[in-house]
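Here is how the chains run, residue by residue.
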Amino acid sequence: MRLVYFAAVREAIGVASETCDLPAHVRNIHDAIDWLASQSPGHALAFQDKARLRFALDQAMVPLDAALGDAHELAIFPPVTGG
């Protein structure tokens, strides 16, 4: 799966995107975030407060408990503020 990171998530991990073969037990976004957080200190930092993050599967906004299904891309970003 292609993972795309934005803003503070990208800065903590150090890359804008990566491609990963997620383990079989990873079935939804919550599982994916837990697994990703174990991959490096940067990932752990980026995903320490997953309730604040926002997610898109194949460019459609979804909640944290959304099933990954056959999606090709998961985008992860912090809440956006404007002004």
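Here is a short report on the structure shown in this document. Model, not experiment: these values are computed from the prediction. (Residues numbered from 1 in each chain as written. Predicted model: local features only at pLDDT ≥ 70, side-chain atom pairs only at ≥ 80, totals over all residues. Heavy atoms only, no water.)

Quick word on the pairing of strand 3 (residues 54-57)
The side chains of a regular strand alternate between the sheet's two faces.
Consideration 1: Examined bridge by bridge, strand 3 and strand 5 (residues 73-77) share 4 bridges and lie antiparallel to one another. In the strand pairing of strand 5, Leu57 is matched with Leu74.
Consideration 2: In this structure, strand 3 lies alongside strand 4 (residues 60-62), joined through 3 bridges in antiparallel fashion. The residue bridging Leu57 from the neighbouring strand is Ala60, located in strand 4.
Consideration 3: Hairpin connection, strand 3 to strand 4: the antiparallel pair is bridged by 2 residues, and Asp58 has positive phi, about 45 degrees. (Pairing = 2+ DSSP bridges. Helix = DSSP H or I, 4+ residues; strand = E, 2+ residues; numbered from the N terminus.)

So, helix 2 (residues 29-37)
Consideration 1: Those residues of helix 2 not exposed but buried are Ile29, Ala32, Ile33, Trp35 and Leu36. Mapping the buried residues of helix 2 onto a view down its axis gives an arc of 165 degrees, with all of them on the same face.
Consideration 2: On the buried face of helix 2, the contacting elements are strand 1 (2-5), helix 3 (41-46), strand 3, strand 4 and strand 5.
Consideration 3: Here helix 2 starts with a cap whose side-chain oxygen sits 3.0 Å from the backbone nitrogen of His30, and that cap is Asn28. (Buried < 20%, exposed > 50% of the residue type's maximum accessible area, 1.4 Å probe, protein only. Arc of directions from axis to C-beta. Contact = heavy atoms within 4.5 Å. Polar contact = N/O pair within 3.5 Å; in protein donor to acceptor, adjacent residues only side chain to side chain.)

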